[in-house]
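The chain contents come next:
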Amino acid sequence: DLWHVQIDEAAPGTSWVLARVDKLLTVKRPAAIGVEAGGPVGALVPDLEALAARHGVQFVKLSGAQYAGACGAFAGAVSDGQVRHLDQPALNVAAGAGKRSYGPEQWVWDRLGPVDVAPIAAVTVAMRVWQQVQPVERKSAYEDDDLMVV
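Overview of the structure. (Residues numbered from 1 in each chain as written. Predicted model: local features only at pLDDT ≥ 70, side-chain atom pairs only at ≥ 80, totals over all residues. Heavy atoms only, no water.)

Looking now at the packing of helix α1 (residues 17–27) against helix α2 (residues 45–55). At their nearest, the axes of α1 and α2 sit 10 Å apart, and the two run at 15° to each other. In terms of their interaxial angle, α1 and α2 are classed as roughly parallel. Crossing of α1 over α2 shows right-handed handedness. On the side of α1, the interface is formed by Leu 18, Val 21, Asp 22, Leu 25 and Thr 26, while α2 contributes Asp 47, Leu 48, Leu 51, Arg 54 and His 55. Looking at side-chain class alone, the contact of α1 with α2 contains five nonpolar, two polar and three charged residues. (Axes fitted to C-alpha atoms, helices over the stretch in contact; angles between N-to-C directions. Helix = DSSP H or I, 4+ residues; strand = E, 2+ residues; numbered from the N terminus. Parallel < 35°, antiparallel > 145°, perpendicular 65-115°, else oblique. Left-handed = near helix turned anticlockwise from the far one by under 90°. Contact = heavy atoms within 4.5 Å. Nonpolar A, V, L, I, M, F, W, Y, C, P; charged D, E, K, R; others polar.)

Printed below as a string of structure tokens:
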């Protein structure tokens, strides 16, 4: 498999996240929302779950161990040439200079280092969530039961 990852938006803090996710759920209609529960957006989990429910998409919350596994799988996929991304400065910097924080037998992207690793952490979570989620079949926005509006 060849994975394409990209960042839709990157900004400091988390105050902008809920409004942006709500807009993306309306415009792009993704299959799921995924978060690393122990990361900075962990405090937003109840609100993100509510957004997912309101928009009818799946919500996936990765535990610390699941996130560590996702980091290892992502790094392996990159090493195997299975991941590509757009030339996005925030993602380029995070991918090129992001440090790893090692725990017992596993590692995660180091949030305490000098580089903002949020972009690489986000695409890491996104790839793992996509691997876990089966996209739900959606009815066309133009279809109303037996009536199709064109």
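Quick look at the pattern of salt bridges now. Under the definition given, this model contains five salt bridges. Residues Arg 20 and Asp 8 are paired through a salt bridge, measuring 2.4 Å at the closest nitrogen-oxygen approach. In this pair, Arg 20 is assigned in helix α1 and Asp 8 in the loop between β1 (3–5) and α1, connecting sequence segments twelve residues apart. Among the charged side chains, a salt-bridge network with shared partners connects Asp 8, Glu 9, Arg 20 and Lys 28. (Salt bridge = Lys/Arg side-chain N within 4 Å of Asp/Glu carboxyl O.)

What follows deals with α1. Count 3.6 residues to each turn of an α-helix, and residues three or four apart come out pointing the same way. Every buried residue of α1 is accounted for by Val 17, Arg 20, Val 21 and Leu 25. Each buried residue of α1 lies within a common arc of 135° when the element is viewed along its axis, so the set occupies one face. Opposite the buried face of α1, at more than 90 degrees from it, the exposed residues are Ala 19, Thr 26 and Val 27. Where the residues of α1 are buried, they touch β2 (32–36) and α2. Phi turns positive, to about 50°, at Arg 29, one or two residues after α1. (Buried < 20%, exposed > 50% of the residue type's maximum accessible area, 1.4 Å probe, protein only. Arc of directions from axis to C-beta.)

This next bit is on the environment of Gly 13. On the secondary structure map, Gly 13 appears in the loop between β1 and α1. Residues Gly 13 and Pro 40, 27 residues apart in the sequence, show an inter-C-alpha distance of 8.1 Å.

Attention now goes to the packing of aromatic side chains. This model, assessed by the stated rule, comprises one aromatic pair. When the centroid spacing of 5.0 Å and the interplanar angle of 80° are considered together, the rings of Trp 107 and Trp 109 count as edge-to-face. Residue Trp 107 is classed as buried on the basis of its relative accessible area, which comes to 12%. (Phe/Tyr/Trp six-rings, centres within 6.5 Å; stacked < 30°, edge-to-face > 60°.)

The values are spatial; any link to function lies outside them.
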